[in-house]
Amino acid sequence: FAADAVAAGKKALELSPSRQEVMLLLARSYLVAKQPTRAVELNRKAVAEYPEFRLAHWYLGLALAADNQKDEAIKEIRKAMELGYKLQNSEEEEVVRKLFGDARR
């Protein structure tokens, strides 16, 4: 299903190239499809176009972590939280705990 989601996301992005929801959903589909580098690229675009959109920073942080760019991931997760992102569940709390370790301070 990941390939179908990516294909549908690409089509949606063609139709609405600057719609933030489309960028984020396609980027998430790239992560599911094990294409973190593409997810990083698209999330960077979302952050560039919507720098105050906390969810864009959150997803960029997740994509960077999946792409083994831990230091950059931590910066983006921190930025999302500074902008007011609240962890949604215990899974997100675990992601942050593992990613930050002692760096959360």
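Only a predicted model underlies this, so the values are computations on that prediction, with no experimental measurement involved. (Residues numbered from 1 in each chain as written. Predicted model: local features only at pLDDT ≥ 70, side-chain atom pairs only at ≥ 80, totals over all residues. Heavy atoms only, no water.)

**Notes on the nonpolar core**
- Leu-42 and Trp-58 are the most contacted members of the largest nonpolar core, which has 27 residues in total.
- Ignoring any residue separated from it by four or fewer positions in sequence, one finds Trp-58 in contact with Ile-77, Ala-80, Tyr-85, Leu-87, Glu-92 and Val-96. (Core = buried A, V, L, I, M, F, W, Y, C linked by side-chain atoms within 4.5 Å. Buried < 20%, exposed > 50% of the residue type's maximum accessible area, 1.4 Å probe, protein only. Contact = heavy atoms within 4.5 Å.)

**Observations concerning the pattern of salt bridges**
- With the rule as written, the count across this model stands at five salt bridges.
- Its salt-bridge partner being Glu-94, residue Arg-97 comes within 2.6 Å of it at the nearest N-O pair. Of this pair, Arg-97 and Glu-94 both sit in helix α6 (residues 90–100), separated by three residues, roughly a single helical turn.
- Close ionic contact of Lys-98 with Glu-94 constitutes a salt bridge, the shortest N to O distance being 3.9 Å. Of this pair, Lys-98 and Glu-94 both sit in helix α6, four residues apart, which is roughly one turn of that helix.
- Beyond isolated ion pairs, a larger network of salt bridges with shared partners links Glu-94, Arg-97 and Lys-98. (Salt bridge = Lys/Arg side-chain N within 4 Å of Asp/Glu carboxyl O. Helix = DSSP H or I, 4+ residues; strand = E, 2+ residues; numbered from the N terminus.)

Function cannot be inferred from these measures alone, as they are strictly geometric.
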